[in-house]
Amino acid sequence: MKTMQQVSFSRHEIEAEASRLHEKLRHLKFGLAECMAFAPYTLEINLLKKEKNAVILAHNYQRPEIIYGVADFTADSLALSKAAQTTDADMIVFCGVHFMAETAKILNPSKKVLLPDLEAGCSLSESITAKDVRELKKKFPGVPVVTYVNTSAEVKAESDVVCTSANATKIVNAMDSDTVIFLPDEFMAKNLESKTSKKIISWSGKCIVHEQFTEEQIISYKKTYPGLKVLVHTECTPAVVKHADMAGSTSQMQKYVESTSAKQLMLVTECGMADMLKAKHPEKDFIAPCIICPYMKKNHLENILASLREGKFEIKIEENVRKKAFKAVQRMLDLS
Ligand code: 13P
Ligand code: SF4
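One structure accompanies this document, and this report is about it. Residue positions are counted from 1 within each chain, in the order its sequence is given. All chains are assigned letters beginning at A, and all ligands numbers beginning at 1, according to the order in which they are written. pLDDT decides what is reported in this predicted model: residues at 70 or higher carry local features, side-chain atom pairs at 80 or more are listed and counted, and totals for whole chains, interfaces and linings draw on all residues regardless. For the side-chain quantities, the full set of heavy atoms in the structure was used; hydrogens and water were omitted.

### Details of the overall build of the protein chain
Here's step 1: Helix and strand assignments come from DSSP, with helices taken as H or I runs of at least 4 residues and strands as E runs of at least 2, each series counted from the N terminus. Counting its regular elements, the protein chain contains 16 helices and twelve strands.
Here's step 2: What you see for the protein chain is a C-alpha radius of gyration of 20 Å, in line with the 20 Å of a compact globule of 336 residues.
Here's step 3: The principal-axis extent of the C-alpha atoms belonging to the protein chain is close to 65 × 55 × 30 Å.
Here's step 4: Think of it in three bands: with a 1.4 Å probe and only protein chains considered, a residue is buried below 20% of the maximum accessible area for its type, exposed above 50%, and partly exposed in between. Taking all 336 residues of the protein chain together, 58% fall into the buried category.
Here's step 5: Only heavy atoms matter for contacts: two residues are in contact if any of them lie within 4.5 Å across the pair. Within the protein chain, contacts between residues separated by at least 24 positions form 63% of all contacts whose residues are at least 6 apart in sequence.
Here's step 6: Residue exposure ignores everything except the shown protein chains as possible cover, and the areas themselves are Shrake-Rupley values with a 1.4 Å probe. Summed over its atoms, the accessible surface of the protein chain is roughly 14300 Å², and 50% of this surface lies on carbon and sulfur atoms.
Here's step 7: The charge count treats Lys and Arg as positive and Asp and Glu as negative. His and the chain ends do not count. Just so you know, the charge point we use is NZ for Lys, CZ for Arg, CG for Asp and CD for Glu. Here the protein chain contributes 45 positive and 42 negative side-chain charges, whose respective centroids are spaced 3 Å apart. With C-alpha atoms as the basis for the radius of gyration, the globule rule is written as 2.2 Å multiplied by the number of residues raised to the power 0.38.

Encoded structure:
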């Protein structure tokens, strides 16, 4: 931890905070000493939040010390968008990736939206530009464009409607057309084919995390752990999704975990998901052949503190683009 503390806390305050953190983090094998190191940061971040009337929205993949130390709300992309739209706070610190912070700004432009590290990108978002969408629209005139939320504001602005992994099937089925352009996740588009009678025109974007899971892995884990329930994110390949007991968004995975009596669960997604759930459900056994998303892990307590102190890095979107993107995002919210 390199950032210099600007507020000093008493030994008693630090010990009390470390013990609060340890209550959750001990399930992830964090020791009291690590919680003592986190404590001055979480204390100062929580103080600054009050001072600045800021809210911290965190995606389910964020580090556990963020989720259990400073986040006000933790969820999937859809629920985070709704929280960003309805918050009373003046400032939103987004602990997630760039497209998520941008979606918050699209929906709630009067708020100051901060992302602690501008390098927190996404391979799906980087796979497509607004020009690519314009060319597709020329090639397939009149075909509605359904765009996954993991895209830039400029790409959303060229789209008819946005969707997330939680509502992709519903949104595609709601389109008044037999054919739909679905961008940019190629595997999610393929997974949708079995859920809809519509013809889907897809793009070649992939998530660098979810593309790595294999069918062989799932088969082998199922053999080792009989009775294992397999939860898969729909950014995975259809070959992997085929073996799922449940496939969907990260918050849908959480709901499944909370409603099942199964004790052994395999989470085929980014590592943070199992960490978040292990702390909430220490009675369950999470088998996680997990892979880290380097973008999601750009956020940590030091840069969240710097973000709150210095107001960086502020998300700005050109108003014309924002208004067009807003229409596509709001249409998703109205349909779901
Ligand atoms: P969720 O909306 O399911 O949380 O997914 C976001 C994401 O980026 C998954 O990789
Ligand atoms: Fe993007 Fe994949 Fe990381 Fe999610 S896990 S932010 S889809 S690269």
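### Points about the packing of aromatic side chains
Here's step 1: Pairing of aromatic rings covers Phe, Tyr and Trp, the last through its six-membered ring, and needs centres within 6.5 Å; plane angles under 30 degrees mean stacked, over 60 mean edge-to-face, and all others mean tilted. Under the criterion given, the structure shown has two aromatic pairs.
Here's step 2: On the basis of an interplanar angle of 15° and a centroid distance of 6.3 Å, the ring pair of Tyr 221 and Tyr 225 is categorised as stacked.
Here's step 3: One Lys or Arg, Lys 206, reaches over the ring of Phe 187 and ends 5.7 Å from the middle of that ring. We count a charge as sitting over a ring when the NZ of a lysine or the CZ of an arginine lies within 6 Å of the ring centre and within 35 degrees of the ring normal.

### Let's talk about the site of ligand 1
Here's step 1: Consider each residue's heavy atoms; a residue with any of them within 4 Å of a molecule or strand counts as near. Every residue near ligand 1 is listed here: His 59, Tyr 61, Asp 76, Ser 77, Asn 150, Ser 165, His 210, His 233, Glu 235, Ser 249 and Thr 250.
Here's step 2: Counted as a polar contact is a pair of N or O atoms within 3.5 Å, where, for protein atoms, one must be capable of donating a hydrogen and the other of accepting one, and residues adjacent in sequence contribute only when both atoms are in side chains. Between an oxygen atom of ligand 1 and a side-chain N or O atom of Ser 165, the distance comes to 2.9 Å.
Here's step 3: If ligand 1 stood free it would expose 310 Å²; the protein chains cover 96% of that surface.
Here's step 4: Among the cavities detected, the one that contains ligand 1 is the largest cavity.
Here's step 5: Residues belonging to the shell around ligand 1 are distributed by class as follows: one nonpolar, eight polar and two charged. With a 1 Å grid laid over protein atoms only, a set of points is called a cavity when a 1.4 Å probe fits there but cannot get out and a pocket when it is open yet has protein on both sides within 12 Å along at least five of seven lines; lining residues have an atom within 4 Å of a point. Being in a pocket or cavity means that more than half of the molecule's atoms lie within 2 Å of its grid points. Classification used: nonpolar for Ala, Val, Leu, Ile, Met, Phe, Trp, Tyr, Cys and Pro, charged for Asp, Glu, Lys and Arg, polar for all others including Gly.

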